[in-house]
Amino acid sequence: MLLDGVAFRPDNAQNAVTPLSVAALRVLARSGFSLPPALANNGGVSHGGLRRLVTRFFNAERVAAAVPVVDEVAAELLTGLRGQLEAGLPGDLVSDFARILPCRVLMRLLGVHGEDPLTLVRWSDDALELFWGRATVDRQVELAESVATFHRWLSEEVSGGSVDKDSLVGALSQYLLPEGTQLDRATAVAVCFFVLIAGQSTTGQLIATVLRRALEEPEGWARAGAEPGFPQAWVEEILRAESPVTSWRRTTAHEVELGGVQLAPGSQLLLMLMSTGADRDVFQQPQLLDPHRNNVRHHLAFGAGRHRCPGASLARTEAAIALRAAARSLPEAVTVRDSARPPMLGLLSFRAPMSLPIVLGQAY
Ligand code: HEM
């Protein structure tokens, strides 16, 4: 289905899972919010060019150049966290580290300035909850206000036409469509909106699960800090077994038969990406975490085909560095007992621990 973009279109990929209330729609409309087809929800001809523009920011060269940035930001955040814990204050590997690191790295890679990373993180998480969650009417209005502010800020950035040609906004402002006309502002904003969300929230969620599982596994934390190659292998195994993006959507363009079922045009499909990692025909004992499976990459955590995640390499690299750095900076970290069952983010397509409180040296 992922490989057949003609029968299975991505148009519904970003639709709100819970229909938005009139009050929430009003908030969005007042701020001029719109999400025209841009990347993940674009099955049209403009997709290829926009995707190429975005992919340039996350190619192998850029990811290699990002390594020292990830190292630097991780070290800074972990020094702060260690200081907090040594002073007897609470510390949390999700809120103090995993959620912030990808945002700070992305800002550097895309040339985004002038906004507090914590605000960007909140905007991004609010957008995920608004479009993929089951919020009440009151909560929807709250989330819509946050998302509208995010969208307005992006619109101003795009209209301001960044002077930095190397930034994402700069590249979009010079971008010409195949017919030679300039990209409209709404689509340019939609590209930035998706990239800023896709590039940080999902990676933060991956890091949260990677850290939690390594702390739970006997020897996992110690090996992550000491054994070359272990962090990369661990990240891949978590992507297979417990990816943050559990599912993705497609819709049928015409009548099509699937597994003996006749689907009408416009059928809404939920593709369970994460369950491909539990396929017993592909993975032996899929319930076990085994970082050294030789076919560990045969999962669909990043999708496949023409919409396959262009940030996969960055996400893998960041998560591996984050694990190694955390295990080295906080070798005596142990999870606070109740965090064995942390509150989980449970949106339609996103799943990860929302907190991971730790202490130094002794379990509660
Ligand atoms: C653990 C982290 C991540 C996971 C699990 C993930 C997963 C996915 C999935 C499942 C898709 C849809 C694929 C499809 O429709 O076939 C996707 C698309 C996308 N992702 Fe990611 N992603 C992650 C991180 C990132 C990062 C770090 C970035 C950018 C820095 C990024 C940017 C994008 C973009 C731009 C698309 C749309 C591509 C297109 O439609 O052509 N993602 N991602």
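Caption draft 1: Region of the structure containing the environment of Phe230. Among the secondary structure elements, Phe230 is positioned in helix α12 (residues 230-242). A residue is classified by how much of its surface remains accessible, and Phe230, at 1% relative accessible area, is buried. Along the chain, Phe230 and Leu109 lie 121 residues apart, while their C-alpha atoms are 26 Å from each other. In contact with Phe230, other than residues within four places in its own chain, are Gly220, Arg223, Ala224 and Pro291.

Caption draft 2: Seen up close, the sheet that holds strand β1 (residues 8-9). Strand order across the open sheet formed by three strands is β1-β3-β6, with antiparallel pairing between neighbours. Edge strands, defined here as strands with exactly one partner in the open sheet, are β1 and β6 (268-271). Strand direction decides the pairing type here: strand β3 (residues 248-252) and β6, joined by four bridges, are antiparallel. Opposite Trp248, over in β6, you have Leu271 as the bridge partner.

Caption draft 3: Layout of empty space enclosed by the protein. Within this structure, the stated rule accounts for one cavity of 30 Å³ or more. When residues of the lining of the largest cavity are traced back to their parent elements, those giving at least two are α2 (47-55), α6 (117-132), α9 (185-198), α10 (201-216), β3 and α13 (312-329). Element by element, the count of residues in the lining of the largest cavity is highest for α9, at five residues.

Caption draft 4: Representation of the pairing of strand β10 (residues 357-360). Inspection of the sheet shows strand β2 (residues 91-92) paired to β10 by two bridges, in the antiparallel sense. Bridged to Asp92 within β10 is Pro357.

Caption draft 5: Here's a closer look at the nonpolar core. If you look at the biggest cluster of nonpolar residues, it comprises 116 residues, and the most contacted ones within it are Leu93, Phe97, Leu101 and Trp221. The leading source of residues in this core is α13, at 11 residues. In contact with Leu101, other than residues within four places in its own chain, are Val70, Val73, Ala74, Leu77, Ile207, Glu318 and Ala322.

Caption draft 6: Structural context of the coordination of the iron atom of the ligand. A lone protein donor binds the iron atom of the ligand: Cys309 (SG), at 2.3 Å. Topologically, Cys309 is positioned in the loop between β6 and α13.

Caption draft 7: Expanded view of the side chain of Thr203. Mapped onto the elements, Thr203 comes out in helix α10. Classification of Thr203 by relative accessible area gives buried; the value is 5%. A polar contact of 3.5 Å, which involves the side chain of Thr203, links it to the backbone oxygen of Gly199. Discounting chain neighbours no more than four positions away, the residues touching Thr203 are Pro102, Ala198, Ala315 and Glu318.

Here is what the cut-offs are and how they apply
- Residues numbered from 1 in each chain as written.
- Predicted model: local features only at pLDDT ≥ 70, side-chain atom pairs only at ≥ 80, totals over all residues.
- Heavy atoms only, no water.
- Helix = DSSP H or I, 4+ residues; strand = E, 2+ residues; numbered from the N terminus.
- Buried < 20%, exposed > 50% of the residue type's maximum accessible area, 1.4 Å probe, protein only.
- Contact = heavy atoms within 4.5 Å.
- Pairing = 2+ DSSP bridges.
- 1 Å grid on protein atoms, 1.4 Å probe; cavity = no way out; pocket = protein on both sides within 12 Å on 5 of 7 lines; lining within 4 Å.
- Points joined across faces, edges and corners; volume = space filled by probe spheres on them.
- Core = buried A, V, L, I, M, F, W, Y, C linked by side-chain atoms within 4.5 Å.
- Donors = N, O, S within 2.8 Å, 3.2 Å for Na, K, Ca; no water.
- Polar contact = N/O pair within 3.5 Å; in protein donor to acceptor, adjacent residues only side chain to side chain.

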